[in-house]
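The residues making up each chain are set out below.
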Amino acid sequence: MAAVQWRSRGRNYEAELQRCRPEAALVEFGDYHPLKSIMVTDTKTRRGARKGSTSSSSSSSSSAPLDPLSSMLDGTDPLSMFAAASKWEKEKEEEVVGPDFESWSLKRGEILARFTTTEKLSINLFMGSDRGKAPSPGSSAVSEKVRTRLEELDDLEEGSQRELLNLSQQDYANRIEELNQSLKEAWASDQKVKALKIVIQCSKLLSDTSVIQFYPSKFVLITDILDTFGRLVYDRIWTMCSDPRPLPDSFTVDDVNDTAKETCLNWFFKIASIRELLPRLYVEAAILKCNCFLNKCGIQETLPRLTAMIRGIGDPLVAAYTRAYLCRVGMEVAPHLKDSLNRNFFDLLGSFRQISSESVQNQLVLQRVEVPEYLTLYSPAISWILQCIAYRAPEPLLTEMMERCKKLGNNALLLNSVMRAFRPEFVAGRATDFIGMIKDCDEAGFPKHLLFGSLGRSVACADPPESERLTILNEAWKVVTKVRSPQDYINCAEIWVEFTCRHFSKREVNTVLADIIKHMTPDRAFEDAYPQLQSVIRKILTYFHDFSVLFSMERFLPFLDMFQKDSVRVEVCRSIMEVFIKHQVEPTRDPVILNAMLHICKTMHDSVNALTVEDEKRSLALLIIGFIRMVCFGRDFEQQLSFCVEARATFCNLESVMVQLIHTVNQLAMETSRVMRGSHSRKTAAFVRACAAYSFITIPSLSSIFSRLSLYLLSGQVALANQCLSQADAFLKAAVSLLPEVPRSISVEGKLRASESFLLDFINNFLATLLVVPDHPEHGVLYLVRGLLNMIQDYTWEDNSDAKVRVYVSALPLLAAMSQETYLYSIPKVDSNETLYGGDPKFLLEINKLSETLIGQVLDHLKGLGRDEATRRQGALAFSLFGVLLAHGDLRNNKLSQLAVNLWNLSHKHGYCETRVSLSYINKGLKCPK
């Protein structure tokens, strides 16, 4: 095989390109466009026409194309109909209660977290009896049933319960959950009376205010059981109505059968027999929705009656939460019946007089609860009632309610709930009036800074009159700045920061920041207020996207210095960087921005340590890279390079940032070449050499070997494009010398993978570059090609791998291209070997010898594959070499043509290559060179 004489076929690349270029076809754009929709013509066959004949086709006059699938459904697509019906139902539901109404489920968790206690609690547990079970078939008389049920209800009120004392808050919640489960189990086992007893017992617990601080949370836990009971009863009656046919969603009383009506009425009679007012009221409210089975106007008639019954509750706190529950149920089942809700509110106003009564004051003294703390217990109930009333309420009603609050006077709790429940637009439009009402409130009952906090939430969401904005801010800040408690201060200041950013300039925002620093710095109070301080930063970044303005605030960077905790400081810096990358459209060279952003990026970089996970490193690096890409000094290339030098020293621990810096410097060198139009002056030539030196120094610091390889190659290509031949030579030699260090497996996205495919891709790219690299006068002919092939020869490849010989096969097209009189591509102002050697026979002889050596190596490997019975690999490799000979070899040489025939036969010998596909490949290969 060594006797094969290689000779490259002469190529005329320009002529081949012209022959291979597809023929141009004239297209009339009025008739055809590749993106134009296809019109489908519906052709219908006449009924009775003979097979094979069709009627004349008629296309729709509509310009829209006909969908052949949907046309078969005649507009009755079941999925579309279902989606349309669902959308209609949703829109109908949202006509009354839309997504802008804050649901109870969102408030529930907040109440449980806010109202806690360390006091010991007590609870009465129901002791079940067998009489709660369904009656046996023998006791079928109606009178016996009624007597038994009444006795069972009497059992509850005669002491069939056990009191548990000294429970912690968590134990209490667990017991309530046990009762909830007992309710479900009793219902599932058809013990309906037992289920009712459990609900009555839980409702009675709401009259207990012995641990008054916990009452709002107790209300949440127990009303969960009431809700469960209400759903069970409603679903039971609904099921009875759905037999034998399902009950429609929009059913009427006429659709309900007699059995369901009797059952429903029976439940209301049972509840009416409850002796105590509070449990009777709560349980009836829980099944309020069931009235729709009995009477069209049942809910409308029941709500006012229940509202009036609440007036009989003596404790104002218990009454307030009972009203809140009734409003909650009313909004769920009949949100359009606002009259009863309004009456609830006006009754609530009347009950406020009871707060100062002797009984309430004695209770507070007994439990050692201060009046301000006691008033906050009303907050969830009042807020919910007001939210239900104010939701989509007409403005005259809101105005009337506001006037009622004014007349009540000095009720800061109510005023606070009004401002939080009413629409922000309403409150913001009357902000001055609300400020006057706040001033009239007594500081002792409810702190004024909380009132201004509620006002601030509204004016931050809606715009007050422009002429009043500065007055509003001044009045609010007079109160806020006098708050002594750092925690109370920052809670209120954080709210007003948004109003300031929304309507004022950097001067006012800077003043607010200075005041926050003044209050939060003493005794390092900022350490307990990181969430609020972070919120301040987020609000500023929401309204200030011009970072030259942002960093020109004198107090902004000192404000950032308050974030002393590492994790919080990094999070704040990250949020600033995200906004910068998102909104900084134009590159910047502003020194104020650059210095500040470098400081912020350095903070993120310095947080990286040995324990930092890769995802965190990647996330921080992407933000820093985004900043680096936005830095541009225009034609001041030296300043840009100086910035990259500084950035390299600053961000040395993040490898992807170092890679970006190398890319930036390479891009800088190419931009210099573009500006100079490829003809460097002495100064620019020195500059691009400095860029090459930067890359050459930086690349070895990278840990990823493939990053180093690709950057050596890329930097060498950039150096070559800038006529820096010695620098390009150094880069390429460094890449070749690095090849033995390539491991056999590498980590890719956390998984170990063989490096062979990555290495082959790199080598092919490297070989393509070598075509335009001139030989060094002191290192002999093709020294870089020989050096690469020697490294390939010595590299330890995978067992049973053909990679090495595939590299040899890939090198043959390069050698064939080097033997041409004119190279396929070249670099302007760089003399390649075609110019240096000028077709010297000695140079061509060296190429042919090297090619013959490579072919010999490949053929020897093919023989070895035959001995190892690796026929599939042998066939694939033989066909690959055949393709190279066909495209690049001079087949007029008999030995070379005979070798091509032998390779063809070998590749098809075991049937792994399809002859038809192979012939198609050959035709394509021979088409251009003809």
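Quick caveat, the model's predicted, so the values are computed rather than measured.

Asker: Got a minute to help me understand the overall build of the chain in this structure?
Answerer: Along the backbone of the chain there are 42 helices and four strands. Scored against the burial criterion, the 930 residues of the chain give a buried share of 47%. Of the contacts made within the chain by residues no fewer than 6 positions apart, 74% connect residues no fewer than 24 positions apart. Put simply, the chain shows about 48,200 Å² of open surface, and 51% of that area lies on carbon and sulfur atoms.

Asker: Before we go on, may I ask you to explain helix α21 (residues 469–480) in this structure?
Answerer: Quick reminder: α-helices carry 3.6 residues per turn. Residues three or four places apart thus point the same way. Taking 1.5 Å of rise per residue, the twelve residues of α21 would be expected to cover 16 Å, and the 16 Å separating its terminal C-alpha atoms lies within 8% of that figure. Buried residues of α21: Arg469, Ile472, Leu473, Glu475, Ala476, Trp477 and Val480, and no others. Each element contacted by the buried residues of α21 is listed here: α19 (431–440), α20 (448–461), α22 (486–503) and α23 (506–520).

Asker: Would you mind going over the pattern of salt bridges with me for this structure?
Answerer: Oppositely charged side chains are able to pair whenever their charged atoms sit close together. The tally for this structure, following the rule as stated, stands at 28 salt bridges. Between Glu508 and Arg507 there is a salt bridge whose closest N-O contact spans 3.2 Å. Residue Arg507 is classed as exposed on the basis of its relative accessible area of 60%. Residues participating in the shared-partner salt-bridge network are Asp227, Arg328 and Glu332.

Asker: I tried to follow the nonpolar core on my own but got confused; where do I start?
Answerer: A general trend in soluble globular proteins is that nonpolar side chains are found buried together. Membership of the largest hydrophobic core comes to 295 residues, with the highest contact counts inside it found for Leu455, Trp496, Ile516 and Phe627. At 13 residues, the largest contribution of residues to this core is made by helix α7 (residues 215–241). Setting aside its immediate chain neighbours within four residues, Leu455 contacts Met419, Val427, Ala431, Phe434, Ile435, Ile438 and Trp496.

Asker: Can you help me understand the environment of Pro335 in this one?
Answerer: Locating Pro335 in the fold gives a position in the loop between α11 (316–333) and α12 (338–351). Along the backbone, Pro335 and Cys388 are 53 residues apart, and their C-alpha atoms lie at a distance of 8.4 Å.

Asker: Explain the pairing of strand β4 (residues 751–754) here, please?
Answerer: In this sheet, β4 lies alongside strand β3 (residues 745–748) in antiparallel orientation, the contact comprising four bridges. Within β4, the residue paired with Ile746 across the bridge is Arg753.

Asker: Where do I start with the packing of α22 against α23 in this structure?
Answerer: Angle between the axes and distance between the axes: these two values describe a pair of packed helices. Across the interface, α22 lies against α23 with an axial gap of 11 Å and an inter-helix angle of 170°. Accordingly, the angle class assigned to the pair α22 and α23 is roughly antiparallel. Residue-level contacts link Pro486, Tyr489, Ile490, Ala493, Val497, Thr500 and Cys501 of α22 to Glu508, Val509, Val512, Asp515, Ile516, His519 and Met520 of α23.

Asker: Which parts of the structure should I look at to understand the packing of aromatic side chains?
Answerer: Here the distance between the centres and the angle between the planes together describe a pair of aromatic rings. This structure, assessed with the given rule, holds 38 aromatic pairs. Note on Phe219 and Tyr321: the rings are 5.0 Å apart at their centroids and 55° apart in plane angle, and the pair reads as tilted. On the criterion of sequence distance, the pair formed by Phe219 in helix α7 and Tyr321 in helix α11 is long-range, its members being 102 residues apart. Taking the centre distance of 5.0 Å and the plane angle of 40° together, the rings of Tyr234 and Phe293 count as tilted. Taken together, the residues Tyr234 in helix α7 and Phe293 in the loop between α9 (277–286) and α10 (298–309) connect sequence positions 59 residues apart. Just as Tyr234 is buried, Phe293 falls in that class too.

Asker: Whenever I open this one, the confidence of the model for the chain confuses me. Can you help?
Answerer: Regions with low pLDDT carry predicted coordinates that are not meant to be interpreted in detail. Model confidence for the chain is summarised by a mean pLDDT of 83, while 84% of its residues fall at 70 or above. The model gives residues 84–95 a pLDDT under 50, and that stretch makes four contacts with residues more than four places away or in other chains.

Asker: What exactly am I supposed to notice about the environment of Thr307 here?
Answerer: By the secondary structure assignment, Thr307 is in helix α10. Residue Thr307 is classed as buried on the basis of its relative accessible area of 0%. Taking the C-alpha atoms as reference points, Thr307 and Asp347, 40 residues apart in sequence, are found 8.7 Å from one another. Contacts of Thr307, omitting those with residues within four sequence positions, involve Leu326, Ser340, Arg343, Asn344 and Asp347. Within the structure, the side chain of Thr307 is placed 2.8 Å from the backbone oxygen of Leu303, a separation counted as a polar contact.

Asker: Can you walk me through the state of the cysteines in this structure?
Answerer: What is meant by a disulfide is a covalent connection between two cysteines, made through their sulfur atoms. Scanning the entire structure with this criterion turns up zero disulfides. In this model Cys644 remains outside any disulfide bridge; the closest cysteine sulfur is found in Cys691, 8.4 Å from its own. Residue Cys644 is classed as buried on the basis of its relative accessible area, which comes to 0%.

Asker: Before we go on, may I ask you to explain the environment of Phe544 in this structure?
Answerer: As for its placement among the helices and strands, Phe544 is situated in the loop between α24 (530–543) and α25 (547–550). Along the backbone, Phe544 and Arg502 are 42 residues apart, and their C-alpha atoms lie at a distance of 9.2 Å. Apart from residues no more than four positions distant in its own chain, Phe544 is found in contact with Cys501, Phe504, Ser505, Lys506, Val509, Val549, Leu550 and Met553.

Asker: Help me understand the pairing of β3, please; the structure alone is not making it clear to me.
Answerer: Side-chain positions along a regular strand alternate between the two faces of the sheet. Side-chain alternation along β3 places Ile746 and Val748 on a buried face and Ser745 and Ser747 on a face that remains uncovered. The turn joining β3 and β4, which pair antiparallel and follow one another in sequence, is formed by two residues; a positive phi near 55° is taken by Glu749.

Asker: Where do I start with unusual backbone geometry in this structure?
Answerer: Glycine aside, negative phi is the norm for most residues, and most peptide bonds take the trans geometry. Here the phi dihedral of Arg677 falls at roughly 55°; this positive angle occurs in a residue that is not glycine. Note on Arg677: relative accessible area 77%, which makes it exposed. Positive phi values are uncommon outside glycine, yet Asn800 reaches one of about 55°. Positionally, Asn800 belongs in the loop between α36 (783–794) and α37 (803–818).

Asker: I tried to follow the packing of helix α35 (residues 756–770) against α36 on my own but got confused; where do I start?
Answerer: Viewed as axis vectors pointing N to C, α35 and α36 meet at an angle of 165°, and their least axial separation amounts to 11 Å. Regarding the angle of α35 to α36, the classification is roughly antiparallel. As for the relative orientation of α35 and α36, their crossing is left-handed in sense. Note on element contacts: α36 touches α35 through Leu784, Val785, Leu788 and Ile792, opposite Ile763, Phe766, Leu767 and Leu770. Each residue belonging to the contact of α35 with α36 can be placed in one class, and the counts come to eight nonpolar, no polar and no charged.

Rules used in this analysis
- Residues numbered from 1 in each chain as written.
- Predicted model: local features only at pLDDT ≥ 70, side-chain atom pairs only at ≥ 80, totals over all residues.
- Heavy atoms only, no water.
- Helix = DSSP H or I, 4+ residues; strand = E, 2+ residues; numbered from the N terminus.
- Buried < 20%, exposed > 50% of the residue type's maximum accessible area, 1.4 Å probe, protein only.
- Contact = heavy atoms within 4.5 Å.
- Areas by Shrake-Rupley, 256 points an atom, 1.4 Å probe, with all protein chains shown as cover.
- Expected span 1.5 Å × (residues − 1).
- Salt bridge = Lys/Arg side-chain N within 4 Å of Asp/Glu carboxyl O.
- Core = buried A, V, L, I, M, F, W, Y, C linked by side-chain atoms within 4.5 Å.
- Pairing = 2+ DSSP bridges.
- Axes fitted to C-alpha atoms, helices over the stretch in contact; angles between N-to-C directions.
- Parallel < 35°, antiparallel > 145°, perpendicular 65-115°, else oblique.
- Phe/Tyr/Trp six-rings, centres within 6.5 Å; stacked < 30°, edge-to-face > 60°.
- pLDDT = per-residue confidence, 0-100.
- Polar contact = N/O pair within 3.5 Å; in protein donor to acceptor, adjacent residues only side chain to side chain.
- Disulfide = S-S within 2.5 Å.
- Left-handed = near helix turned anticlockwise from the far one by under 90°.
- Nonpolar A, V, L, I, M, F, W, Y, C, P; charged D, E, K, R; others polar.

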